[in-house]
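One-letter residues, chain by chain:
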Amino acid sequence: MGLPLPSKVLEHILSFIDSNEDRNSVSLVCKSWFDTERRTRKRVFVGNCYSVSPVTVSRRFPKMRSLTLKGKPHFADYNLVPDGWGGYAWPWIEVLAKKNPLLEEIRLKRMVITDECLEMIAASFKEFKALVLVSCEGFTTDGIAAIAATCRNLEVLELRECIVEDLGGDWLSYFPESLTSLVSLDFSCLDSEVKLSDLERLVSRSPNLKSLKLNRAVTLEGLESLLRRAPQLTDLGTGSFSAEFEPEMFSKLSKAFAECKQLKSLSGLWDVIPEYLPALYSVCPGLTSLNLSYATVRMPDLVGILRRCWKLQKLWVMDLIEDKGLQTVAMRCKDLRELRVFPSEPDLDDVSVALTEEGLVTVSRSCRKLESILYFCVQFTNAALVTISRYRPNIKCFRLCVIEPFAPDHITREPLDEGFRAIVEGCKDLRRLSVSGLLTDKAFEYIGKHAKKVRMLSIAFAGDSDLMLHHLLSGCEGLKKLEIRDCPFGDSALLEHAAKLETMRSLWMSSCFVSFGACKVLSQKLPKLNVEVIDEMYPPESRPENSPVERIYIYRTLAGPRLDMPEFVWTIHKNPEVGVSNLAIK
Amino acid sequence: MEISNSCSSYSSSSVDSTKPCPSESSVNLSLSLTFPSTSLQREARQDWPPIKPLLRDTLKGRRLHRRGDDSSFFVKVYMEGVPIGRKLDLCAFSGYESLLENLSHMFGTSIICGNRHRKHHVLTYQDKDGDWMMVGDIPWEMFLETVRRLKITRPEKC
């Protein structure tokens with residue numbers, strides 16, 4: 001071997017490497033590379049907050065400036081994880097406050113964070129710049145006020161789809177007059193009205209403000225006033241886009257939008273009434289991202305907007321767009337990369353919207369760059385899936401939710417096995433897949449065999465037997481996250497392929513037929529994993545070996561058993577005689 | 001509508017018959033494996049289809065005035081002192097002005113929104129939380145989502 005690289009040189013080289021995947025590879029080369037890499041890593045990502053202890057992370061990356069943490073499993077988004085399961089931010093904040101005071105950015109997803117945590121963040125990190133909370137809960141607007149009041153260099157404050165106890169709109173007035181560094185503010189998930197004059201002043205003194213996402217309580221008048229003060233915005237989330245139509249208001253609004261020449265992304269638009277939509281026309285040609293998922297307007301009005309958005313790359317819309325509206329999208333939005341179509345009527349009985357599989361086929365045919373799809377639809381066909389895969393082999397993310405569980409191909413009445421076969425065979429770069437509709441074990445044989453690069457797989461109401469899981473766990477080489485609900489498989493495949501679980505980040509199963517006995521065996525076979533049985537109805541220790549458990553969550557961890565498990569979560573480490581292990585959660 | 005095959009399939013031959021079968025006699029913890037067939041049962045579901053809570057709540061609020069072909073939403077209107085109420089289709093109005101005009105016609109007296117007035121009748125509404133509020137305090141679209149009943153009060157009462 002030649003001379004080793006001086007660490008200063010190596011440090012310099014590594015400063016060009018941003019991707020954590022690459023950095024993880026770098027750190028495996030040899031001890032000195034591991035050491036140099038860890039001393040220089042600034043942005044740290046932890047995909048499962050229970051996979052490693054805060055102390056370990058803090059120690060390994062002393063120069064950490066940004067930490068991203070994810071807590072609850074993904075199915076928590078759909079109410080499948082009981083309250084109180086876990087995902088607490090406190091243990092992390094507590095350690096970081098002491099050991100990494102130069103931390104500038106905290107990004108949390110699906111975690112529980114209290115006002116005390118927020119206060120500790122505000123008090124401990126003098127250079128704190130960015131707080132992004134996605135799908136988090138556990139705090140009130142008082143905690144937000146603490147951040148606003150104390151973080152003198154705050155640039156980013158984003159509350160995305162959080163469940164916040166809203167004590168009023170006062171929090172906004174806690175931003176001091178001296179704070180002029182704001183770049184991004186998102187309070188779209190809060191209910192209470194903030195004082196418009198405070199917001200106007202804040203916006204006026206923030207020349208770097210690029211992204212502003214208002215909550216529903218901000219009126220059209222308020223919006224117009226804010227836009228006048230911030231024409232430099234690139235990302236806008238409007239408040240309620242509704243009022244009795246007044247020509248004066250309309251023309252003021254149109255003018256204000258026309259001044260926003262850099263606007264790239266638009267969202268919000270709650271309660272939008274069609275008469276006000278044309279006020280947006282001037283910004284449409286510049287938009288690359290449009291989120292209409294709260295805009296319950298009909299297809300003709302949607303088309304009026306969409307036909308002008310010829311640079312659109314990302315579109316989120318309700319199924320009110322119908323097949324016809326998607327035809328317009330196919331024709332005009334040639335740059336489209338991501339499409340999400342949400343259901344406007346979650347109750348199956350009332351679905352009356354003319355959105356079928358044809359809509360998605362049309363867009364897939366015409367939009368060559370389309371690579372990410374989330375589509376809610378009442379029914380689907382194999383032919384449509386085959387066509388989509390033929391036209392768009394470049395699809396990386398395919399999530400189809402056939403709203404009617406067990407719905408077969410509505411023309412041939414066959415299962416959708418062959419359709420999904422085409423998807424996984426044809427789309428060789430597929431990273432994420434959600435399947436639905438009537439599916440037999442055969443579908444999973446195809447998925448296991450061909451979905452080599454799929455990292456995340458979501459399955460609901462599908463399959464016939466243990467074979468389904470056997471196919472998945474013996475194939476799917478790239479699988480990292482598997483989440484399954486309401487599928488009729490039991491213990492055997494899981495026990496047979498236990499070793500596969502060590503190569504994955506996590507496995508979630510709910511309402512399947514895995515027995516408590518199998519969970520115990522798995523726990524013994526996989527000492528490096530936490531095998532959690534989550535069952536609200538019966539304390540697991542009290543049940544017979546062969547009774548099926550409500551939910552299982554299995555994940556890799558270096559941190560050993562967690563100490564904050566509530567009563568309804570069991571792992572093998574809990575001693576049934578002694579009782580539930582406890583941790584005082586702040 | 002099919003909710004057919006899931007229940008029976010796990011007792012078919014494709015499953016290893018030496019394994020313990022999910023018990024049918026004890027409390028059926030696998031209830032959710034079948035999908036509820038009535039809409040009443042389904043309304044209670046908070047976990048299907050897989051949409052996030054904020055979207056689910058937004059849609060719930062919308063549901064009442066988007067029934068059927070979205071063309072009607074009837075509420076009861078009472079005037080204080082008059083025992084018989086009337087039924088009104090709120091979708092027929094474009095906003096508060098036309099609502100008031102129509103009501104004034106219907107009850108043969110001038111009715112106003114908002115400010116109390118010693119001489120005029122004032123329109124109030126009961127929202128989805130059961131509270132009585134002054135009509136006109138929120139945008140029309142939001143009003144449609146939350147209104148349950150209307151009441152026209154006698155002048156001095158307000």
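A quick note: this is a predicted structure, and the numbers were derived from the prediction, not measured.

What follows concerns the packing of aromatic side chains. Residue and element names in this part refer to chain A. According to the stated counting rule, one finds 25 aromatic pairs over all chains in the structure shown. With a centroid separation of 5.7 Å and 50° between ring planes, the pair formed by Phe245 and Phe250 is classed as tilted. Consider the rings of Phe245 and Tyr276, whose centres lie 5.1 Å apart with planes at 50°: the pair is tilted. Highlighted residues: Phe245 in the loop between strand E10 (235-237) and helix H10 (247-258) and Tyr276 in the loop between strand E11 (265-267) and strand E12 (289-292), separated in sequence by 31 residues. For Phe245, a relative accessible area of 39% translates into the label partly exposed. Judged by its relative accessible area of 0%, Tyr276 falls in the buried class. The rings of Tyr50, Trp85, Trp508, Tyr553 and Tyr555 are connected pair by pair, giving a single aromatic cluster.

Take the nonpolar core next. In this structure, Phe380(A), Phe398(A), Leu433(A), Ile459(A) and Leu482(A) are the most contacted members of the largest nonpolar core, which totals 201 residues. Leave out the neighbours within four places in its chain, and Leu433(A) touches Phe398(A), Phe420(A), Ile423(A), Val424(A), Ile447(A), Val454(A), Met456(A), Leu457(A) and Ser458(A). Within the second largest apolar cluster, 22 residues are counted, among which are Leu88(B), Leu103(B), Val135(B) and Val147(B).

Our next topic: a negative patch on the surface. Together, Glu221(A), Glu244(A), Glu246(A), Glu248(A), Glu97(B) and Glu101(B) make up a negatively charged patch on the protein surface. Inspection of the secondary structure assignment puts Glu248(A) in helix H10.

Bringing the pattern of salt bridges into the picture now. Residue and element names in this part refer to chain A. According to the stated counting rule, one finds 34 salt bridges over all chains in the structure shown. With a closest N to O distance of 3.5 Å, Arg205 and Glu177 form a salt bridge. A residue pair is termed long-range when its members are at least 10 positions apart, and Arg205 in the loop between helix H8 (196-204) and strand E9 (211-213) and Glu177 in the loop between strand E7 (163-165) and strand E8 (184-186) qualify at 28 residues. Its relative accessible area of 52% is what places Glu177 among the exposed residues. With its nearest N and O atoms 2.7 Å apart, the salt bridge here joins Lys520 to Glu545. Note that Lys520 is positioned in helix H19 (residues 516-525) and Glu545 in the loop between strand E21 (529-534) and strand E22 (551-556), a separation of 25 residues in sequence.

About the criteria used
Residues numbered from 1 in each chain as written. Chains lettered and ligands numbered in written order. Predicted model: local features only at pLDDT ≥ 70, side-chain atom pairs only at ≥ 80, totals over all residues. Heavy atoms only, no water. Phe/Tyr/Trp six-rings, centres within 6.5 Å; stacked < 30°, edge-to-face > 60°. Helix = DSSP H or I, 4+ residues; strand = E, 2+ residues; numbered from the N terminus. Buried < 20%, exposed > 50% of the residue type's maximum accessible area, 1.4 Å probe, protein only. Core = buried A, V, L, I, M, F, W, Y, C linked by side-chain atoms within 4.5 Å. Contact = heavy atoms within 4.5 Å. Patch = residues over 30% accessible without salt bridge, like charges linked within 9 Å, V, L, I, M, F, W, Y side chains within 5 Å. Areas by Shrake-Rupley, 256 points an atom, 1.4 Å probe, with all protein chains shown as cover. Salt bridge = Lys/Arg side-chain N within 4 Å of Asp/Glu carboxyl O. Lys, Arg positive; Asp, Glu negative; His and termini not counted. Charge placed at Lys NZ, Arg CZ, Asp CG, Glu CD.

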